Amino acid sequence: MATTKTASKTAEISKTASYDGFTEAERSAMKERAKELKVRGAKGPKVDPELDVLAKIAEMNESDRAIAEKIHALVKANAPVLTAKTWYGMPAYARDGKVVCHFQPAAKFNTRYAMLGFSDQANLDDGAMWPAYYAITGITDADEKKLAALLQQAVA
């Protein structure tokens, strides 16, 4: 009986011409990334990528925007070697063109909380296992100190 249900579900999915395994939010992020690559590779006047980041932050809902603004300020103050840019439509911070960290608003993929993610370019290695993403629902003074230390370590 389970096989019949699975076959039925597979047939149902295959009938959906637009189904490709990605959610609408994921497809949107991929389109934003393609647009970012196209704009950055284009000849002509260059737009300051930080302006793109600030525009993305301004578009966010109130709670995501408040967190993103604090993170942006923390990056500028504690990791000034990083350059702001968008990455899959999210605020990101890079060194030598490679993303070190990025902010994923909760609304981006309809998740419970926003996240600050660090890539393998961040110097956060600590033994055989360490956090690479941090869930954020708000930023207290104590959190600011922790984030400042993380950012400083990430670029050390």
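Residues numbered from 1 in each chain as written. Predicted model: local features only at pLDDT ≥ 70, side-chain atom pairs only at ≥ 80, totals over all residues. Heavy atoms only, no water.

Geometry of a packed helix pair, given as the angle between the helix axes and the separation of the axes. In contact at an axis separation of 9 Å, helix 3 (residues 49-59) and helix 4 (residues 62-78) are set at 155 degrees when each is read in the N-to-C sense. Here helix 4 runs roughly antiparallel to helix 3, going by the angle between their axes. Across from Glu 50, Val 53, Leu 54, Ile 57 and Ala 58 in helix 3, the residues of helix 4 making contact are Arg 65, Ala 68, Glu 69, His 72 and Lys 76. Here the contact of helix 3 with helix 4 is built from residues that sort into 5 nonpolar, 1 polar and 4 charged. (Axes fitted to C-alpha atoms, helices over the stretch in contact; angles between N-to-C directions. Helix = DSSP H or I, 4+ residues; strand = E, 2+ residues; numbered from the N terminus. Parallel < 35°, antiparallel > 145°, perpendicular 65-115°, else oblique. Contact = heavy atoms within 4.5 Å. Nonpolar A, V, L, I, M, F, W, Y, C, P; charged D, E, K, R; others polar.)

A few words on the pairing of strand 1 (residues 83-87). Relative to strand 2 (residues 90-95), strand 1 runs antiparallel, the two sharing 5 bridges. Looking across to strand 2, one finds that Trp 87 is bridged to Met 90. Here strand 1 folds back onto strand 2, and the loop between the two strands holds 2 residues, one of which, Tyr 88, carries a positive phi near 55 degrees. (Pairing = 2+ DSSP bridges.)

If you trace the 5 strands from one edge of the open sheet to the other, you get 1-2-3-4-5, paired in antiparallel fashion. Edge positions in the open sheet fall to strand 1 and strand 5 (133-136), since each of these has one partner strand only. On average, each strand axis in the sheet is inclined to that of its neighbour by 25 degrees, with strand direction left out of account. On the sheet, helix 3 packs against strand 1 and strand 2 and is oriented at approximately 60 degrees with respect to strand 1.

This brings us to the packing of aromatic side chains. Two numbers describe a pair of aromatic rings. These are the distance of the centres and the angle of the planes. On inspection of all chains with the given rule, the structure shows 2 aromatic pairs. Residues Trp 87 and Tyr 88 carry aromatic rings whose centres are separated by 5.1 Å and whose planes lie at 85 degrees to one another, so their mutual orientation is edge-to-face. Among the residues examined, Trp 87 registers a relative accessible area of 23% and is labelled partly exposed. Taken together, a centroid distance of 6.1 Å and an interplanar angle of 90 degrees make the contact between Phe 118 and Tyr 134 edge-to-face. (Phe/Tyr/Trp six-rings, centres within 6.5 Å; stacked < 30°, edge-to-face > 60°. Buried < 20%, exposed > 50% of the residue type's maximum accessible area, 1.4 Å probe, protein only.)

Model confidence for the protein chain is summarised by a mean pLDDT of 86, while 83% of its residues fall at 70 or above. In this model, residues 1-17 is a region of pLDDT below 50 whose contacts with residues beyond four sequence positions or in other chains number 1 contact. (pLDDT = per-residue confidence, 0-100.)

Okay, a nonpolar patch on the surface next. Together, Phe 22, Met 30 and Tyr 88 give the surface a local cluster of nonpolar side chains, amounting to about 260 Å² of exposed area. In this structure, Phe 22 sits in the loop between helix 1 (2-15) and helix 2 (24-41). Take Phe 22: its relative accessible area is 41%, and that puts it in the partly exposed class. (Patch = residues over 30% accessible without salt bridge, like charges linked within 9 Å, V, L, I, M, F, W, Y side chains within 5 Å. Areas by Shrake-Rupley, 256 points an atom, 1.4 Å probe, with all protein chains shown as cover. Salt bridge = Lys/Arg side-chain N within 4 Å of Asp/Glu carboxyl O.)

Time to look at the nonpolar core. The biggest cluster of nonpolar side chains holds 28 residues, and the ones touching the most others in it are Ile 71, Leu 82 and Phe 118. Those elements that provide at least two residues to this core are helix 3, helix 4, strand 3 (98-104), strand 4 (114-118) and helix 5 (141-155). Per-element accounting of this core gives the leading share, 6 residues, to helix 5. Excluding anything up to four places from it in sequence, Leu 82 contacts Val 75, Tyr 93, Ala 94, Arg 95, Val 100, Cys 101 and Val 155. (Core = buried A, V, L, I, M, F, W, Y, C linked by side-chain atoms within 4.5 Å.)

So, on to the pattern of salt bridges. Side-chain pairs of opposite charge can arise where the charged atoms are in close proximity. Counted by the stated rule, this structure contains 3 salt bridges. A salt bridge links Arg 27 to Glu 24, with the shortest nitrogen-to-oxygen separation between them at 3.0 Å. One end of the pair, Arg 27, and the other, Glu 24, are both in helix 2, 3 residues apart, so they sit about a helical turn from each other. Owing to a relative accessible area of 52%, Glu 24 belongs among the exposed residues under this scheme.

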